[in-house]
Amino acid sequence: MLGTALSRPPLPEAGVLEGLPEEAVERAEWWRRHLTELLTGHPDGDAAATRRSEYDPMVHSVRQRELTKVAECGPPVRRWG
């Protein structure tokens, strides 16, 4: 066993996004979904949802899951300005 999944992802509640531009909220939600899957193995932290095998924390280390996520989504893009 490599590790156990978190029962609740350590991410802020959606209320912290209130008042931000819609584009920023959509981008934050995109990141939340991907980070939650990476950390817990479940999309959107829904324990009832089907876990994709490549994100199963009982089988794959965090580093392996990170590399899988980068292969899936591509490396982060920095935008200056």
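Cut-offs applied
- Residues numbered from 1 in each chain as written.
- Predicted model: local features only at pLDDT ≥ 70, side-chain atom pairs only at ≥ 80, totals over all residues.
- Heavy atoms only, no water.
- Helix = DSSP H or I, 4+ residues; strand = E, 2+ residues; numbered from the N terminus.
- Contact = heavy atoms within 4.5 Å.
- Expected span 1.5 Å × (residues − 1).
- 1 Å grid on protein atoms, 1.4 Å probe; cavity = no way out; pocket = protein on both sides within 12 Å on 5 of 7 lines; lining within 4 Å.
- Points joined across faces, edges and corners; volume = space filled by probe spheres on them.
- Nonpolar A, V, L, I, M, F, W, Y, C, P; charged D, E, K, R; others polar.
- Buried < 20%, exposed > 50% of the residue type's maximum accessible area, 1.4 Å probe, protein only.

Novice: Help me understand the side chain of His 34 in this model?
Specialist: Its location among the elements puts His 34 in helix α1 (residues 22-40). Those residues in contact with His 34 that sit more than four places away from it in its chain are Lys 69, Glu 72 and Cys 73.

Novice: How should helix α2 (residues 62-73) be read in this particular structure?
Specialist: For an α-helix, the turn length of 3.6 residues means that residues three or four places apart are oriented alike. The end-to-end C-alpha distance of α2 is 16 Å, a good match for the 16 Å that 12 residues give at a rise of 1.5 Å each. With its phi angle positive at about 90 degrees, Gly 74 sits one or two positions after the end of α2.

Novice: Which parts of the structure should I look at to understand the layout of surface pockets?
Specialist: If a probe the size of a water molecule is rolled over the atoms, the empty space left behind becomes visible. Computed from the structure, the largest pocket encloses a volume of approximately 240 Å³. Contributing to the lining of the largest pocket are 14 residues, with Trp 31, Lys 69, Cys 73, Gly 74 and Pro 76 lying nearest its centre. At the level of secondary structure, the elements contributing two or more residues to the lining of the largest pocket comprise α1 and α2. Of the residues in the lining of the largest pocket, the class split is 9 nonpolar, 2 polar and 3 charged.

Novice: Looking at this model, I keep getting lost on α1. Mind explaining?
Specialist: With 19 residues, α1 extends 27 Å from end C-alpha to end C-alpha; this agrees with the ideal 27 Å at 1.5 Å per step. Of the residues making up α1, those classed as buried are Val 25, His 34, Thr 36, Glu 37, Leu 38 and Thr 40. Residues of α1 that are buried make contact with α2. Note on α1: the residue one or two positions beyond its end, Gly 41, has a positive phi of about 90 degrees.

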